[in-house]
Amino acid sequence: MDNKLKAVIFDFNGVIINDEPLHQKLLEQILIEENVRPDPGEYRDCCVGRSDRACLFDILSSRGRALTDAYIDGLIQRKSQAYLEEIATLTPLPIYPGLEDIIFQFRASQIPLAIVSGARRQEIEIVLNRSNLAANFALIVSSDEVKTSKPDSTGLLVALEQLQQQYPNLELTPANCLVIEDSPAGIEAAKGAGMSVVGVANTYPYHMIQRQANWTVDYLHELELDRIKRFFEQRTEAFLSASAVD
């Protein structure tokens, strides 16, 4: 059983860029324009770690709104356009400290990197291009490609399939992948895909993330490649020991 670390999949919002406050502001603005009063705590409960589609559907359904795909699509487009306009004015972008260092460590070890997010592709690409990070990622799976939202695991499994196609010699399996997440929904998606997951306490308290992830850090700069590799090696050793006993 080869459980070595072979690929890393990043979440986007809350892991690469600190933009949850901006998303909350824009989503609540959309709701108000639709004559819906946002409830306190509703954004965190319904939206963090999930796609705009899932978030808007749940909130508007709870208000008894009759929803169609075309209506939801229009709201998503309005919010996305507002996001792109706001991001274009931010200098510097609120990229999380420590991100570039851990990316450098992975790239130096020739470990492919991907992004799986409920954000739209345009939103991801503008941030990666403006922050000069785009070249580090082999692929992006966004809400434009996968309509289901975390905690559904589909996006991660699509990323795994695409990584397998790009790097056939790696013989990737879910057990070879590490997911970096900041939300319970994302952590659940990773576990559902059979992947290990490290939680970063950027959005939720450490103790909440710690209960769900394989391990947890307060900040990205606390991630160390040597420790990650040891975690994967220990899993392999434990499996081999258990097999020998059987």
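Given the structure is predicted, the values throughout are model-derived calculations rather than measurements.

The secondary structure content of the chain amounts to 10 helices and 6 strands. In terms of overall dimensions, the chain is globule-like: its C-alpha atoms have a radius of gyration of 19 Å, near the 18 Å expected for 246 residues. With the C-alpha coordinates of the chain rotated into their principal frame, the extents come out at 65 × 40 × 35 Å. Among the 246 residues that make up the chain, the fraction classed as buried is 50%. Total accessible area on the chain stands at roughly 11,700 Å², and carbon and sulfur atoms take up 50% of it. Within the chain, the 35 negative side-chain charges are centred at a point lying 1 Å from the centre of the 23 positive side-chain charges.

This part is about the sheet that holds strand S6 (residues 215-217). Paired through their backbone hydrogen bonds, the strands of a sheet run either parallel or antiparallel. Strand order across the open sheet formed by 6 strands is S3-S2-S1-S4-S5-S6, with parallel pairing between neighbours. Of all strands in the sheet, those with a lone pairing partner are strand S3 (139-141) and S6, marking the two edges. Averaged over all pairs of adjacent strands, the angle between strand axes in this sheet comes to 25°, irrespective of strand direction. In the sheet, strand S1 (residues 7-10) pairs with strand S2 (residues 113-116) via 3 bridges, with the strands oriented parallel. By the bridge assignment for S2, valine 8 is matched with leucine 113.

Moving on, we come to the nonpolar core. The nonpolar side chains of soluble globular proteins are, as a tendency, buried together. Counting residues in each nonpolar core, the largest one holds 41 residues, and the members touching the most others are Phe10, Phe12, Phe106 and Ile180. Among residues more than four places away in sequence, those in contact with phenylalanine 12 are Ile17, Asp19, Tyr83, Ile115, Val116, Ser117, Ala119, Glu123, Ile124, Val127 and Leu128.

Under the criterion given, the structure shown has 4 aromatic pairs. Measuring from ring centre to ring centre gives 6.3 Å for phenylalanine 10 and phenylalanine 106, while their planes differ by 75°; the resulting arrangement is edge-to-face. Placement of the pair is phenylalanine 10 in strand S1 and phenylalanine 106 in helix H5 (residues 99-108), with a sequence separation of 96 residues. Pair check on accessibility: phenylalanine 10 and phenylalanine 106 agree, each one buried. Judged by centre distance (5.6 Å) and plane angle (90°), the rings of phenylalanine 10 and phenylalanine 137 are edge-to-face. Linking phenylalanine 10 in strand S1 with phenylalanine 137 in the loop between helix H6 (121-130) and S3, this pair joins segments that are 127 residues apart in sequence. You'll find phenylalanine 10 and phenylalanine 137 in the same group, each marked buried. Clustering of aromatic rings is evident, with ring pairs tying together Phe10, Phe106 and Phe137. When the ring centre of tyrosine 204 is taken as origin, the NZ or CZ atom of arginine 44, which lies over that ring, is 4.8 Å away.

Take empty space enclosed by the protein next. Counting across every chain of the model gives 2 cavities of 30 Å³ or more. Taken as a whole, the largest cavity holds about 190 Å³ of empty space. Every residue lining the largest cavity is counted, 19 residues in all, and those nearest its centre are Asn13, Glu20, Cys47, Gly49 and Arg50. Elements supplying a minimum of two residues to the lining of the largest cavity: helix H1 (20-33) and helix H3 (52-62). Counting residues per element, the lining of the largest cavity draws most heavily on H1, which supplies 3 residues.

Here the largest pocket defines a volume of roughly 190 Å³. If you go around the largest pocket, the residues you meet are Lys4, Leu5, Lys6, Ser109, Gln110, Ile111, Pro112, Leu170, Lys229, Phe232 and Glu233. For the lining of the largest pocket, the per-class residue count stands at 5 nonpolar, 2 polar and 4 charged. Considering only enclosed or pocket space, the second largest pocket measures out at about 150 Å³ in volume. Lining the second largest pocket are Ser51, Asp52, Arg53, Asp73, Ile76, Gln77, Gly118, Arg120, Ser143, Asp144 and Lys147. Mapped by element, the contributors of at least two residues to the lining of the second largest pocket are H3 and helix H4 (69-89). Class assignment of the residues belonging to the lining of the second largest pocket gives a composition of 1 nonpolar, 4 polar and 6 charged.

Conventions and cut-offs
Residues numbered from 1 in each chain as written. Predicted model: local features only at pLDDT ≥ 70, side-chain atom pairs only at ≥ 80, totals over all residues. Heavy atoms only, no water. Helix = DSSP H or I, 4+ residues; strand = E, 2+ residues; numbered from the N terminus. Rg over C-alpha atoms; globule rule 2.2 N^0.38 Å. Buried < 20%, exposed > 50% of the residue type's maximum accessible area, 1.4 Å probe, protein only. Areas by Shrake-Rupley, 256 points an atom, 1.4 Å probe, with all protein chains shown as cover. Lys, Arg positive; Asp, Glu negative; His and termini not counted. Charge placed at Lys NZ, Arg CZ, Asp CG, Glu CD. Pairing = 2+ DSSP bridges. Axes fitted to C-alpha atoms, helices over the stretch in contact; angles between N-to-C directions. Core = buried A, V, L, I, M, F, W, Y, C linked by side-chain atoms within 4.5 Å. Contact = heavy atoms within 4.5 Å. Phe/Tyr/Trp six-rings, centres within 6.5 Å; stacked < 30°, edge-to-face > 60°. Lys NZ or Arg CZ within 6 Å of the ring centre and 35° of its normal. 1 Å grid on protein atoms, 1.4 Å probe; cavity = no way out; pocket = protein on both sides within 12 Å on 5 of 7 lines; lining within 4 Å. Points joined across faces, edges and corners; volume = space filled by probe spheres on them. Nonpolar A, V, L, I, M, F, W, Y, C, P; charged D, E, K, R; others polar.

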